[in-house]
Amino acid sequence: MRDPVVLDFPVEGEDFFAAGEASSSIKETLKMLGVPSSICRRAAIITYEAEMNLVIHGGGGMLRARLDEEKVVLVTEDQGPGIADIDQAMREGFSTASEHVREMGFGAGMGLPNIKRNADRLDIASQVGQGTTLTAVIYFGGVPQPSA
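Residues numbered from 1 in each chain as written. Predicted model: local features only at pLDDT ≥ 70, side-chain atom pairs only at ≥ 80, totals over all residues. Heavy atoms only, no water.

Before going further, it helps to spend a moment on the packing of helix α2 (residues 37–56) against helix α5 (residues 111–118). Following both chains from N to C, one finds α2 and α5 inclined at 155 degrees, their axes separated by 9 Å at the closest point. Taken together, the axes of α2 and α5 are roughly antiparallel relative to one another. Viewed along their axes, α2 and α5 form a crossing whose handedness is left-handed. In this structure, α2 uses Arg41, Arg42, Ile45, Ile46, Glu49, Ala50 and Asn53 to contact α5, whose residues at the interface are Gly111, Leu112, Asn114, Ile115 and Asn118. Within the contact of α2 with α5, the residues separate by chemical class into five nonpolar, four polar and three charged. (Axes fitted to C-alpha atoms, helices over the stretch in contact; angles between N-to-C directions. Helix = DSSP H or I, 4+ residues; strand = E, 2+ residues; numbered from the N terminus. Parallel < 35°, antiparallel > 145°, perpendicular 65-115°, else oblique. Left-handed = near helix turned anticlockwise from the far one by under 90°. Contact = heavy atoms within 4.5 Å. Nonpolar A, V, L, I, M, F, W, Y, C, P; charged D, E, K, R; others polar.)

This brings us to the packing of aromatic side chains. Evaluated as defined, the whole model comprises one aromatic pair. Here Phe16 and Phe106 contribute two aromatic rings whose centre-to-centre distance is 5.4 Å and whose plane-to-plane angle is 25 degrees, an arrangement assigned as stacked. In this pair, Phe16 sits in the loop between β1 (5–12) and α1 (21–32) while Phe106 sits in the loop between α4 (99–103) and α5, placing the two residues 90 residues apart along the sequence. (Phe/Tyr/Trp six-rings, centres within 6.5 Å; stacked < 30°, edge-to-face > 60°.)

Across the sheet, five strands lie side by side as β1-β2-β3-β5-β4; this open sheet has antiparallel pairing. If you trace the sheet from one side to the other, it starts and ends with β1 and β4 (121–127), each paired once. Taking the axes of each pair of neighbouring strands and ignoring which way they run, one obtains an average angle of 10 degrees across the sheet. Contacting β4 and β5 (131–139), α5 crosses the sheet at an angle of about 30 degrees to β5. (Pairing = 2+ DSSP bridges.)

This is the structure:
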C-alpha cells in the first residue's frame with residue numbers, strides 16, 4: 001500500500017482574489033495522480049464550496065485533501081463564528097452572507113447543499129464562537145457497506 005497523499009492549503013478570510021486557488025490545485029493534483037474524472041469533478045465542487053465558506057464565513061482557515069487508495073477525504077477547519085443551526089444551514093437558499101458578499105455574486109445558500117450532494121459522507125462539527133470543521137469523503141468504489 002502506498003502512502004497517502006496529503007495537500008494542505010491555508011485560506012485567508014475575505015480574500016476573494018485568491019478564492020478558488022486551493023480547490024483548483026487539488027483538482028489538478030487529483031487528475032495528475034490518475035483519479036477518475038468523475039471523482040475529480042466532485043472533489044472540485046466540494047473543495048470550491050468549502051473554500052468559499054472559509055473565505056466568506058469562517059474568517060479563513062485550513063483546507064486539507066487526503067488521498068489514499070480507497071478515497072479522498074476533504075477537510076476544512078476554521079476558528080470563525082460557528083454555525084448555530086446546521087440543519088437550517090443545510091437548506092438550499094439559506095445564507096448568512098452579507099449584502100456586500102451577495103453583490104459580488106456569492107452567498108446564495110447553495111454551498112453546504114452542493115457539498116452534501118457531491119460527498120459520499122459529510123460530517124460537520126461546529127460550535128458557536130469556536131469555529132467549524134467540515135469533513136467530506138468521496139469513495140472511489142462507492143460507499144462501503146457495513147459488514148454483516
